[in-house]
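What follows is each chain in one-letter form.
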Amino acid sequence: MFEILEKKWLSDKICLMEVKAKELSYSAKPGHFVIVKTNQKSERVPLTICDYNHDRKSITLVYQILGKSTLDMSKLKIGERFQDISGPLGHYSEFIDAPLDELKNKKFLFIGGGVGIAPVYPQLKWMAKNGVDFDVILGERDQSLLILEKEIRKFTNNVYVCTDDGSLGLKG
């Protein structure tokens, strides 16, 4: 259970992992998170569910190396397993229960920066799937740290990028 199917570095300290999690893949909604444990002695780490795939029976997690637990997580390889993943936890995004005709009469703006882009992604995907209009502003210190831009552009042409140093998009 909880086998790592894919592992990809989005920047030097931000990692994406697709993990086999059949039940979670069916019950996860935008806004949910999970608690992961790499082994018996590791601490419990909360991570946003960045994506879920019913066909592959998997969830996608994005995390930044900040301490020992996330450093240990980053050492796991494809084919290895998490000891435990609990979830989905938290309350999913409130717009999921809103009437679609009301949502389609509005325009939404999502803003994300750093690993904060990961929780925005499943919401954008849901809105695009349901025909709801939205724009996205992505921000980061520099171009090398920006994550998921290409994936987000699949859902809208209205993506505005800002970097503090001006290396990509608008400066500031």
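### What about the pairing of strand β8 (residues 133-140)?
It is a general feature of regular strands that their side chains alternate between the two faces of the sheet. Bridge count for strand β7 (residues 107-113) against β8 is 7 bridges, and the pairing is parallel. Across the sheet, residue Gly113 finds its bridge partner in β8, namely Gly139. Strand direction decides the pairing type here: β8 and strand β9 (residues 159-163), joined by 5 bridges, are parallel. From the neighbouring strand, Gly139 faces β9, where its bridge partner is Cys162.

### Details of the sheet that holds strand β5 (residues 58-64)
Within the open sheet, the 6 strands sit side by side as β1-β2-β5-β4-β3-β6. Their pairing is antiparallel. Of all the strands in the sheet, the pair left with one neighbour each is β1 (4-9) and β6 (84-89). When the angles between neighbouring strand axes are averaged without regard to direction, this sheet yields 30 degrees. Examined bridge by bridge, strand β2 (residues 14-20) and β5 share 7 bridges and lie antiparallel to one another. Pairing of Leu16 across the sheet is with Val62, part of β5.

### Observations regarding the packing of aromatic side chains
A ring pair, where both rings are aromatic, is described by two values, the distance of the centres and the angle of the planes. Under the definition given, this model contains 3 aromatic pairs. Ring plane angle 50 degrees and centroid distance 5.1 Å describe the contact between Phe95 and Trp126, whose orientation is recorded as tilted. Pair noted here: Phe95 is in the loop between β6 and α3 (100-104) and Trp126 is in helix α4 (residues 120-129), with a separation of 31 residues, a long-range link. No difference in accessibility class separates Phe95 from Trp126, as the two residues are buried. Where Tyr121 meets Phe155, the ring centres are 5.7 Å apart and the plane angle is 55 degrees; that geometry is what we call tilted. Separated by 34 residues along the polypeptide, Tyr121 in helix α4 and Phe155 in the loop between α5 (149-153) and β9 bring together distant segments of the chain. The cationic tip of Lys29 hangs over the ring face of Tyr92; the distance from NZ or CZ to the ring centre is 4.3 Å.

### Describing the sheet that holds strand β10 (residues 170-171)
Strand order in this open sheet of 4 strands is β7-β8-β9-β10, and the pairing throughout is parallel. Two strands in the sheet have a free side with no partner beyond their single neighbour: β7 and β10. Strands in contact with α4 are β7 and β8; relative to β7, the strand with the most contacts, it is inclined by about 155 degrees.

Analysis parameters
- The residue count restarts for each chain, going from 1 along the sequence in the order it is written.
- Residue-level local features of this predicted model are given only where pLDDT is at least 70; pairs of side-chain atoms are given and counted only at 80 or more, and the full residue set underlies all totals for whole chains, interfaces and linings.
- Values reported for side chains reflect all heavy atoms of the structure, with hydrogen atoms and water molecules removed beforehand.
- In this description, strands pair whenever DSSP reports at least two bridges between them.
- Segments assigned H or I by DSSP are reported as helices when at least four residues long, segments assigned E as strands when at least two residues long, and all are numbered from the N terminus.
- As a rule, the C-alpha atoms of each element are fitted with a line to give its axis, helices using only the stretch in contact, and angles between N-to-C directions run from 0 to 180 degrees.
- Side-chain rings of Phe, Tyr and Trp, where Trp is taken by its six-membered ring, are said to pair if the distance between their centres is within 6.5 Å; with planes under 30 degrees apart they count as stacked, over 60 as edge-to-face, and otherwise as tilted.
- Exposed residues in this analysis have more than 50% of their type's maximum accessible area, buried residues have under 20%, and partly exposed residues fall in between, with area computed by a 1.4 Å probe over protein chains only.
- Only Lys NZ and Arg CZ are tested; either one counts as a charge over a ring when it is within 6 Å of the ring centre and within 35 degrees of the ring normal.
- In this analysis, two residues are considered to be in contact whenever any of their non-hydrogen atoms come within 4.5 Å of each other.

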